[in-house]
Amino acid sequence: MKQIQTLAAALLLIALMLAVSYSPSQVMAQKPVTWTLDGPHANEIRFVIFGSTEAEIPALKAGDVDFGPELGLPVERLPDVQNDPNIKMIQGVEQGVWGFSLQCQRYPLDIVDFRRAIRLLSDKDTMVSEGLHGQGVALDGYLGPGYGKWYNPNLPKSEFNPEKAAQILDKLGFTLGPDGKRIDPKTGKTMRPLLIYAREEHAHRVFSVQTLAKAFDQVGIPYDLKIVPRRVTSVEVFEKQEYDIYTAGWGGGPDVDWLYDNFYSESPPTMNFELYKSARADEQLKLLKFGSDPEKVKEAAWKAVEIIEDEAGFISLYAQYYISAYRSNIKNVIDLPWWTGVVNFETFLTAYLEGNEYTGPLRVAWSSDLTQPSPMFEINWWWDTMVDSVIYDTPINPDPNTFGEMPWMAKSWKVEPWTAPGNVPGLKITFNLRDDIKWHDGTPFTAEDLTFTWEYARDKQNPVYISYVTNLVSTEAPDKYTAVGYTNTTSYWALHWLGWNIPVIPKHIWQDIADPITYQPVSEGKLIGTGPFMFKEYKPGEYFIATANPNYFLKPAGSTIGFPKLTLTQGDTKALTSTPLTVKVDTTVTPITNGTYTLTVIDSTGSVVKTFAGTAGSDGTYSTTLDTADISPGAYTVLAELAGTAGGKPLGSTETYQLVVEAKPFLTPTVIASIVAVIVIIIAAGYVVIRRRPKKTPK
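What you see is a predicted model; the values in this text were computed from it and never measured.

Considering the packing of helix H5 (residues 124-131) against helix H7 (residues 203-219)
Right, so step 1: At a minimum axis separation of 10 Å, H5 and H7 run at an interaxial angle of 145°. For the element pair H5 and H7, the recorded crossing hand is right-handed. Where H5 abuts H7, its residues Thr-126, Met-127, Glu-130 and Gly-131 lie against His-204, Phe-207, Ser-208 and Thr-211.

A word on helix H11 (residues 294-310)
Right, so step 1: Between its terminal C-alpha atoms H11 stretches 24 Å, which fits the 24 Å expected from 17 residues at 1.5 Å a residue.
Right, so step 2: Of all the positions in H11, only Val-297, Ala-300, Ala-301, Ala-304, Val-305, Ile-307, Ile-308 and Glu-309 are classed as buried.
Right, so step 3: Residues of H11 that are buried sit in contact with helix H4 (112-120), helix H9 (258-263), helix H10 (279-290) and strand S10 (314-327).
Right, so step 4: With a side-chain oxygen positioned 2.9 Å from the backbone nitrogen of Glu-295, the residue opening H11 is Asp-293.
Right, so step 5: At the exit of H11 stands Ala-312, carrying a positive phi of roughly 50°.

Remarks on the pairing of strand S5 (residues 97-102)
Right, so step 1: The element S5 is extensively covered by neighbouring structure, given that 6 of its 6 residues are classed as buried.
Right, so step 2: Relative to strand S9 (residues 245-250), S5 runs antiparallel, the two sharing 6 bridges. When the bridges of S9 are listed, Ser-101 appears paired with Tyr-246.

A closer look at the pattern of salt bridges
Right, so step 1: Evaluated as defined, the whole model comprises 29 salt bridges.
Right, so step 2: A salt bridge links Arg-116 to Asp-113, with the shortest nitrogen-to-oxygen separation between them at 2.9 Å. Of the two residues, Arg-116 and Asp-113 are both situated in helix H4; the distance of 3 residues between them amounts to about one turn of the helix.
Right, so step 3: Owing to a relative accessible area of 33%, Asp-113 belongs among the partly exposed residues under this scheme.
Right, so step 4: Across the pair Asp-257 and Lys-289 runs a salt bridge whose closest N-O atoms are separated by 3.1 Å. Of this pair, Asp-257 sits in the loop between S9 and H9 while Lys-289 sits in helix H10, and the two are 32 residues apart along the sequence.

Quick notes on the side chain of Asp-393
Right, so step 1: Its place among the elements puts Asp-393 in the loop between helix H13 (382-391) and strand S14 (396-398).
Right, so step 2: Notably, Asp-393 is buried but unbridged: the nearest opposite-charge side chain belongs to Arg-434, and the N-O separation is 9.0 Å.
Right, so step 3: For Asp-393, the contacting residues outside a window of four places in its chain are Phe-345, Trp-408, Met-409, Ile-502, Pro-503, Val-504, Thr-530, Gly-531, Pro-532, Tyr-552 and Phe-553.

Overview of the packing of aromatic side chains
For any pair of aromatic rings, the description rests on two quantities: the centre-to-centre distance and the angle between the ring planes.
Right, so step 1: With the rule as written, the count across this model stands at 37 aromatic pairs.
Right, so step 2: Taking 6.2 Å as the distance between ring centres and 25° as the angle between the ring planes, the aromatic pair formed by Phe-67 and Tyr-326 counts as stacked. Residue Phe-67 is found in the loop between helix H2 (53-62) and helix H3 (78-81), and its partner Tyr-326 is found in strand S10; the two are separated by 259 residues along the sequence. We note that Phe-67, like Tyr-326, is buried.
Right, so step 3: Ring plane angle 70° and centroid distance 6.3 Å describe the contact between Phe-263 and Phe-314, whose orientation is recorded as edge-to-face. Taken together, the residues span a long stretch of sequence, with Phe-263 in helix H9 and Phe-314 in strand S10 at a distance of 51 residues.
Right, so step 4: In this structure Phe-263 comes out as buried when scored by relative accessible area, which is 0%.
Right, so step 5: Grouping aromatic residues by their ring pairs yields a cluster made of Phe-47, Phe-67, Tyr-326, Phe-348, Trp-366, Phe-535, Tyr-538 and Phe-544.

Describing the side chain of Thr-489
Right, so step 1: As for its placement among the helices and strands, Thr-489 is situated in the loop between strand S19 (482-487) and helix H16 (494-499).
Right, so step 2: A distance of 3.2 Å separates the side chain of Thr-489 from the backbone nitrogen of Ser-491, its partner in a polar contact.
Right, so step 3: Beyond its immediate chain neighbours, meaning those up to four positions away, Thr-489 contacts Phe-290, Pro-425, Gly-426, Leu-427, Asn-471 and Trp-497.

Looking at the packing of H10 against H11
Right, so step 1: H11 packs onto H10 with a crossing angle of 155° between their chain directions and a minimal axis gap of 8 Å. Viewed along their axes, H10 and H11 adopt a mutual orientation that is roughly antiparallel. The handedness of the crossing between H10 and H11 comes out as left-handed. In this structure, H10 contributes Arg-280, Ala-281, Gln-284, Leu-285, Leu-287 and Leu-288 to the contact, and H11 contributes Val-297, Ala-300, Ala-301, Lys-303, Ala-304, Ile-307, Ile-308 and Asp-310.

Observations regarding the sheet that holds strand S16 (residues 410-420)
Right, so step 1: Strand order in this open sheet of 4 strands is S16-S17-S19-S18, and the pairing throughout is antiparallel. Of all strands in the sheet, those bounded by a partner on one side alone are S16 and strand S18 (472-479). Strand-to-strand twist in this sheet, taken as the mean axis angle between neighbours without regard to direction, amounts to 15°.
Right, so step 2: Alignment of S16 against strand S17 (residues 424-433), held across 10 bridges, turns out to be antiparallel. Considered in S17, the bridge of Ala-410 is made with Leu-433.

Description of the sheet that holds strand S23 (residues 573-577)
Sheets are built from strands that pair by backbone hydrogen bonding, the pairs being arranged parallel or antiparallel.
Right, so step 1: Across the sheet, which stays open at both edges, the 3 strands sit in the order S23-S29-S28 with antiparallel pairing between neighbours. The sheet is open, and its two edges are formed by S23 and strand S28 (615-616), each paired on a single side.
Right, so step 2: Two strands pair when backbone bridges link them, and S28 and strand S29 (residues 622-627) are joined in this way by 2 bridges, in the antiparallel orientation. Among the inter-strand pairings, Thr-615 is bridged to a residue of S29, identified as Ser-623.

Quick notes on the rules
Residues numbered from 1 in each chain as written. Predicted model: local features only at pLDDT ≥ 70, side-chain atom pairs only at ≥ 80, totals over all residues. Heavy atoms only, no water. Axes fitted to C-alpha atoms, helices over the stretch in contact; angles between N-to-C directions. Helix = DSSP H or I, 4+ residues; strand = E, 2+ residues; numbered from the N terminus. Left-handed = near helix turned anticlockwise from the far one by under 90°. Contact = heavy atoms within 4.5 Å. Expected span 1.5 Å × (residues − 1). Buried < 20%, exposed > 50% of the residue type's maximum accessible area, 1.4 Å probe, protein only. Polar contact = N/O pair within 3.5 Å; in protein donor to acceptor, adjacent residues only side chain to side chain. Pairing = 2+ DSSP bridges. Salt bridge = Lys/Arg side-chain N within 4 Å of Asp/Glu carboxyl O. Lys, Arg positive; Asp, Glu negative; His and termini not counted. Phe/Tyr/Trp six-rings, centres within 6.5 Å; stacked < 30°, edge-to-face > 60°. Parallel < 35°, antiparallel > 145°, perpendicular 65-115°, else oblique.

The following block contains the structure:
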């Protein structure tokens, strides 16, 4: 795997002026991460939604955001920022691929040779030289050079050849009609237009598909090109598979077993949305996914990519030389190629605004909105995964320098041989967990949460995680901080399946959720993890806000981040009012008054002590009163949960308070007054008795 890479500003300028491509070997290596991976060091993250890459750049220059664009700065916009002393840039080769997804079960794309003709019409060199301005590399396979040993340099080279494509179409019977359009041999009429979707927020995607459209015009393939936002493709491509060609982008991380998830014939359609089915590829994909010998796994990865390319199950186009830009006053950023730069979990854990450590926010530009904030939703878009990564944790994490396993929620782990039922070779994977982790609602984290997460993902057949837990036979938690998973496979990847691929969810919340796909934890006020940041507020189309977790188990020793503290004497009350719950359409802001506002008092064991329901104001604020009359003296956590919906999207926020209820002092003014009154009465009574007692005379 290649080292994370950077590029000096001068080299970037020269590359742009000459409009030529430069190779990864010309890029300077970034210094390794030398600071401690602890945090959070910022008190808040604001993900600000702009709707397009173009809109993110002025915001970065103006200082309205600290990071952006999140998937890399388009090279044509480099002159806007390269001489700005307030902006720094890091360059690298992304671990990812951009290409054309073809719906392989949809006629005529169910014909392999028809798909091969489309591949011959894909002018990758032009897409790189003009669409990316030379800042990328044309790919001949799904795994590019950024994947190190998993990259196969011996794949057949791509060819742009419209004449050869036309010959294939003719041979298949798709001959030219009198109007210059191809005839469908099944109907004898002009073939239906191929439905092509391009995502509007990335200019290079649009350019690529427009380049393909020109080639279609050249050979007479009719098409219907739709340039749309992601919310459209999310439904039509990923949920319905109602498309022919889609401008896809994929960044799968350093483990490449996801090739199986994306292309195996029986993978869920939200993963294998190309509906690609190939017995040849399946054989190699199974070896890749379940093999235990590293060399054989690598060989299977190479062969699988070769077959997918040969059958045009996916047309790989290019990988970018990404330019990751951020404000120069942000310290401790970490570049990760599988996140396409510095916008990643580890940056947000350690980074902070210079001079404002523990008090300043981090503001991140996003070109796209979330789909459904939830760790168990059926599609993990980049933006949804980003939110999951800062709110939820995993037992282990990839080291930013070596990409090897790094302890996180687990202090240590052990992988041992185990024989599964039926005398099947398997593995026993044991995680020794930390004992100082709490969920954001104050409930202690235990091994049962981890074993529950594995079983829940398996039993609910979650399409994102199911391939990681299909081979999970059983689990156990022999004590509070030991979790064990038993598998019926000896896969090379098994440790990562249970250790870093699935965000750990709280059992006490999710055990009652019957359908994780439709469940919306944001509107329920239950987007609760153990991660360095806690959900605060989400306004679709505008922003997502997460605040620092002051109880994070990797909190720096000198951190001053903390919850607001309420100290009340038993019997006292405290009025609390939420921020306004509103929705903005164009320039009109409308208050939402049919939401809910709830205060939940939780004791140190995680048990709910008392709840208080709020009422809505006409301006969208909600109010309630915290009454401690029936709350025993002690320390508590109070969650103030605001929830509502607008346009079918969840809105809300969660505020957390530390509550200390002190015992009433015995000698209160009222008690003192009562005691004085009693004493006066007693004295007065004694005086009367003395007055009435007969006098004694001496004998």
